[in-house]
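Examination of the molecular architecture
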Amino acid sequence: MGVEAKLGDLGLVTLTLEKAINWTRTRSMWPMLFGLACCAIEMMSAQASHYDLSRFGMELMRASPRQSDLMIVAGRVTRKMAPVLRRLYDQMPDPKWVIAMGDCASCGGIFNNYAIVQGVDEVVPVDVYVAGCPPRPEALIHGIITLHHKVEKEKLAAHA
Amino acid sequence: MPKSDSGRRMPGMPPQASVTESGITPEAAPFDDPRLAEYRHLVSERALSGETVVLNMGPQHPSTHGVLRLILELDGERVITCIPDIGFLHTGVEKNMESKTYIKALVMTDRLDYMNNVGNNLAYALAVEKLVGLDVPPRAQAIRVILAELQRLSSHLVWLGTHALDLAAMSVFLYCFREREIILDILEMVSGQRMMTSYIRPGGLWRDVPPEFEPAVREFIKIFPHRLQQYERLLTKNPLFLDRTRGIGVISGEAALQAGLTGGALRGSGVNYDLRKAMPYSGYEQYDFEVPLGSAGDVYDRYRVRMAEMPQSLRIVEQALDRLPGGPVQSANRKFVPPPRSELGQSMESLIHHFKLWTEGFDAPRGAIYSAVESPRGELGVYLEGNGGPKAQRVYWRTPSFMNISALPILAKGHLVADLVGIIGSLDIVLGDVDR
Amino acid sequence: MSGLDEALNVLRAALGEGLRTVTEFRGETTAEIAPANIVAACRALRDAPGLRFTRLAGLTAVDYWPEEPRFAVIYLLHSLEKGLSLRLLHRLAGDAPSVASVVEVFPSANWHEREVYDMFGILFTGHPDLRRLLMPADWQGHPLRKDYPLGYEEVQFTFNFDEIDRKKPYAKE
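Residues numbered from 1 in each chain as written. Chains lettered and ligands numbered in written order. Predicted model: local features only at pLDDT ≥ 70, side-chain atom pairs only at ≥ 80, totals over all residues. Heavy atoms only, no water.

Focus on the interface of chain A and chain C
Much of the literature gives interface size as the accessible area that the parts lose upon coming together. On the chain C side, the residues contacting the 14 residues of chain A number 19 residues. Both faces combined, the contact of chain A with chain C buries some 1300 Å², and carbon together with sulfur accounts for 54% of it. Counting across the interface, chain A meets chain C through one salt bridge. Between A:Glu122 and C:Lys168 there is a salt bridge whose closest N-O contact spans 2.9 Å. Linking chain A with chain C are four residue pairs in polar contact (both at pLDDT 80 or more), by the criterion used here. A breakdown of the residues in the side of chain A that touches chain C according to their chemical character gives five nonpolar, three polar and six charged. (Contact = heavy atoms within 4.5 Å. Buried area = accessible area lost by both parts, 1.4 Å probe. Salt bridge = Lys/Arg side-chain N within 4 Å of Asp/Glu carboxyl O. Polar contact = N/O pair within 3.5 Å; in protein donor to acceptor, adjacent residues only side chain to side chain. Nonpolar A, V, L, I, M, F, W, Y, C, P; charged D, E, K, R; others polar.)

Brief notes about the confidence of the model for chain A
For chain A, per-residue confidence averages 86 on the pLDDT scale, and 92% of positions sit at 70 or higher. Strand E4 (residues 128-130) of chain A holds the highest mean pLDDT among the elements of chain A, 93, whereas helix H1 (residues 2-7) of chain A holds the lowest, 62. (pLDDT = per-residue confidence, 0-100. Helix = DSSP H or I, 4+ residues; strand = E, 2+ residues; numbered from the N terminus.)

Overview of the sheet that holds strand E10 (residues 394-398) of chain B
Residue and element names in this part refer to chain B. Spatially, three strands are ordered E8-E9-E10 in an open sheet, and the strand pairing comes out antiparallel. The strands lining the two open edges of the sheet, one partner per strand, are strand E8 (367-375) and E10. Across the sheet, the mean angle separating the axes of adjacent strands is 15° when strand polarity is ignored. One ladder, built from five bridges, connects strand E9 (residues 378-386) with E10; its direction is antiparallel. When the bridges of E10 are listed, Val382 appears paired with Trp397. (Pairing = 2+ DSSP bridges. Axes fitted to C-alpha atoms, helices over the stretch in contact; angles between N-to-C directions.)

Digging into the packing of helix H5 (residues 138-166) of chain B against helix H12 (residues 299-322) of chain B
Residues and elements named next belong to chain B. Packing of H5 against H12 brings their axes to within 9 Å, and their N-to-C directions diverge by 150°. Relative to H12, H5 is oriented roughly antiparallel. Here H5 runs over H12; the crossing is left-handed. Packed against H5, whose contacting residues are Ala142, Val145, Ile146, Glu149, Leu150, Arg152, Leu153, His156, Leu157, Trp159, Leu160 and His163, the element H12 presents Val299, Tyr303, Arg306, Met307, Glu309, Met310, Ser313, Leu314, Ile316, Val317, Ala320 and Leu321 at the interface. Along the lines of polarity and charge, the residues of the contact of H5 with H12 split into 17 nonpolar, three polar and four charged. (Parallel < 35°, antiparallel > 145°, perpendicular 65-115°, else oblique. Left-handed = near helix turned anticlockwise from the far one by under 90°.)

Quick notes on helix H6 (residues 137-152) of chain A
Residue and element names in this part refer to chain A. With 16 residues, H6 extends 22 Å between its outermost C-alpha atoms, agreeing within 8% with the 22 Å of an ideal straight helix rising 1.5 Å per residue. Listed in full, the buried residues belonging to H6 are Pro137, Leu140, Ile141, Gly143, Ile144, Leu147, His148 and Val151. One side of H6 holds all its buried residues, which, seen down the axis, span an arc of 155°. Considering only its buried residues, H6 is in contact with helix H2 (17-27), helix H3 (38-47), strand E2 (70-74), strand E3 (97-101) and E4. (Expected span 1.5 Å × (residues − 1). Buried < 20%, exposed > 50% of the residue type's maximum accessible area, 1.4 Å probe, protein only. Arc of directions from axis to C-beta.)

Side note on the pattern of salt bridges
Here the structure, examined in full by the defined rule, presents 50 salt bridges over all chains. Among the salt bridges present, the one from B:Arg436 reaches C:Glu115, with a minimum N-O distance of 2.8 Å. Of this pair, B:Arg436 sits in the segment after helix H18 (431-435) while C:Glu115 sits in helix H3 (residues 109-120), placing the two residues on different chains. One continuous salt-bridge network, built from bridges that share partners, spans B:Glu149, B:Arg152, B:Arg267, B:Asp274, B:Arg276, B:Glu309 and B:Glu374.

Thoughts on the pairing of E2(A)
Residue and element names in this part refer to chain A. Summarising burial for E2: five of the five residues are buried, a large majority. Residue alternation in E2 divides its side chains into two sets, Leu70, Ile72 and Ala74 and Met71 and Val73, and both sets are buried. Sheet analysis places strand E1 (residues 31-32) next to E2, joined by two bridges and oriented parallel. Bridging from a neighbouring strand, Pro31 pairs with Leu70 of E2. Handedness of the crossover joining E1 and E2 through H3 is recorded here as left-handed. (Right-handed = clockwise from strand over helix to strand, strands pointing away.)

Considerations on the environment of C:Glu163
Residue and element names in this part refer to chain C. Turning to its location among the elements, Glu163 is positioned in helix H4 (residues 161-167). Residue Glu163 is classed as partly exposed on the basis of its relative accessible area of 42%. Between the C-alpha atoms of Glu163 and Glu67, which are 96 residues apart in sequence, the distance is 39 Å.

Notes on the sheet that holds E4(A)
All names here are of chain A. Spatial strand order, E1-E2-E3-E4: four strands in an open sheet with parallel pairing. Each edge of the open sheet carries a strand with a single partner, namely E1 and E4. In the packing of H3 onto the sheet, the strands contacted are E2 and E3, and the crossing angle to E2 comes to about 130°. Against the sheet, helix H4 (residues 82-91) touches E1, E2 and E3, its axis set at about 165° to E2.

A look at the interface of chain B and chain C
Counting residues at the interface gives 47 residues for chain B, matched by 42 residues for chain C. Between chain B and chain C the total buried area reaches about 3600 Å² when both faces are included, carbon and sulfur atoms providing 57% of it. Counting every contact that joins chain B to chain C gives five salt bridges. Taken together, chain B and chain C are joined by 19 residue pairs in polar contact (both at pLDDT 80 or more).

With respect to the state of the cysteines
Counted according to the given criterion, the structure contains zero disulfides over all chains. Distance from the sulfur of A:Cys104, which forms no disulfide, to the nearest cysteine sulfur (A:Cys133) is 5.5 Å. (Disulfide = S-S within 2.5 Å.)

Here's the deal with helix H2 (residues 38-47) of chain C
Inspection of H2(C) places C:Ile38, C:Val39, C:Ala41, C:Cys42, C:Ala44 and C:Leu45 among the buried residues, and these make up the whole buried set. The inward-facing, buried residues of H2(C) contact helix H1 (2-15), strand E2 (28-33), strand E4 (71-79), strand E5 (84-92) and strand E6 (98-100) of chain C.

Looking at unusual backbone geometry
At the junction of A:Cys133 and A:Pro134, the peptide bond is cis and its omega measures out at -10° in the coordinates. Inspection of the secondary structure puts A:Pro134 in the loop between E4 and H6. The amide bond that connects C:Trp65 to the next residue, C:Pro66, takes the cis arrangement and shows omega of 5°. Mapped onto the elements, C:Pro66 comes out in the loop between strand E3 (55-63) and E4. Even without being a glycine, B:Asp428 presents a positive backbone phi close to 55°.

As structure tokens, this is what we get:
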């Protein structure tokens, strides 16, 4: 930017505050352990050594919502579980993001019946939907990178 | 002060204790809350007076076994009563399967016990075949056995990884998932999908295995025993692991049978009941394998039983692969099994069969059957009742984890909360299996 | 199959008229009995010295609405030592039928009967803890009954996208 162009390579980088904050938010986003059903197993596979999630800064899967930024809703949400999901979402501090992983979380999946909430966006606002039943770990990583791109474009006032 | 949670309260959660000038009033005992009245008859007297603590080990907790809620009555750290509250993953599969034809309902069976997808398909396919009287060619039976045993291995690996993770041995988790990736690669090569394969269908298989299947499985058979030894070296004689698992969650064989336990949990107490030996299906009687049994009925013995089952599964896979017969992989009965796509261009009959089977489905006779397989968790049975039409009258899944969880109050009595985590892990439950 | 013949003889001796029909289908035997005799039948089969049906493999119900009698409750009994399986069945009529609980004979029937109550609304008298198991405690209705709707939501395609989008209760922040 300005200073580097004038004075050459001083080992400095200049950024806007917005870019810096978004950069820190994406590089160490801690997911909350919210695996419900089959997608949770693929999320665990993504966490394991073959498709490593810790290279994205997501090594720590916190079970406590108070210490996490990202809620990956992995699996089918039943009507009994929906109030629990909302309560956990409310307990997460800002800034927080939600990935709806899998078909059941995005739209109810193959279970179009009385017991399953047809899409977790009826309960919490969702940022990224990842399709698949279950989505491959690579698809989940693609969803996370999409979320990173989305966060990098956020304005500073997005999370009050 | 915690922020209000927009009015939605988790079911069964007690309100905040009332704080007055003189401190927390003792009259605000937990069971004054009418929403907890439903547990009043299950907890001891001491809970009603507030002497013991009623703790909610809620549906979201770190031991990654799924959404299970436990209401614990604790005296300090000791569990007096443990009340499981299930249903947080109830998917209504049984009702949904009644509204689909028999072939289309197969897709929903993968997602019940999501660690044992191939096994669920197998259980349902065997049930449908028994109901309508369909034959299965021997090559299909042998491949079914190979895939079912590979799935058993993958399920036991996840069990081992998560069980060890709960007892704070994290590296075992990473090693187990490394092996599991190889098995998932084999499943993907065969069916195109890592987990929900829908490969085993009534009448045989979806299609024949590709030529890369045999070398891949042989490669796996070669490397796996060494890896198993790695896990054994890490855990079996580890004094920390022994301390956390010996003498915990003991149940006798007789009590286990009365409580409805099956599978590894039952065999850990010494009862020799394995459906692959007791009521063999899909050609299991031709293979030579042992059923390991425990004696003490504690967490450690259940661990030893499942660890010993893994080399036996590998033995079955090797034998089945050595004796793999040639021939078709689907029954030739076109009234029930759709024809292969290559025939559709040539034969008018095939086209009509294909059309009728995929739109209307085949009719099943009036009558009911019960068919059970040995899933990695225990006896997985399907009670299938037909009503003369293309859709089932009733599909009842007798799932092993359902009964295994119901025995948890007996197993957990008197133990510490930290032991409870080990006991839940040793029962090897999958919540999709419990709640269906 | 002399083991099963023996079982049926034991049933006949214990119940007399209560044993209604015996059917065989695909090699499995089902004995239909009168609902009032279920506890006696289970006890007789469990305690018979030559048989020892000590294991209740499963307990479920089927709804035949609108046919009457509407419900059938099915008990899957299994003898581990002899390797025998027998099914007991009894039919119940009406909207809120009740039958005696077999918990005192087979303790593992506890959760099975709770699930049948939850899904079908059949009351089991003598059950120590008859509450809903799978559905939330305040749920109305019994889902697996045939007159209970599936709860099917209209699928959203491009032609009805906006219409469904407007009606769907999306969560705001």
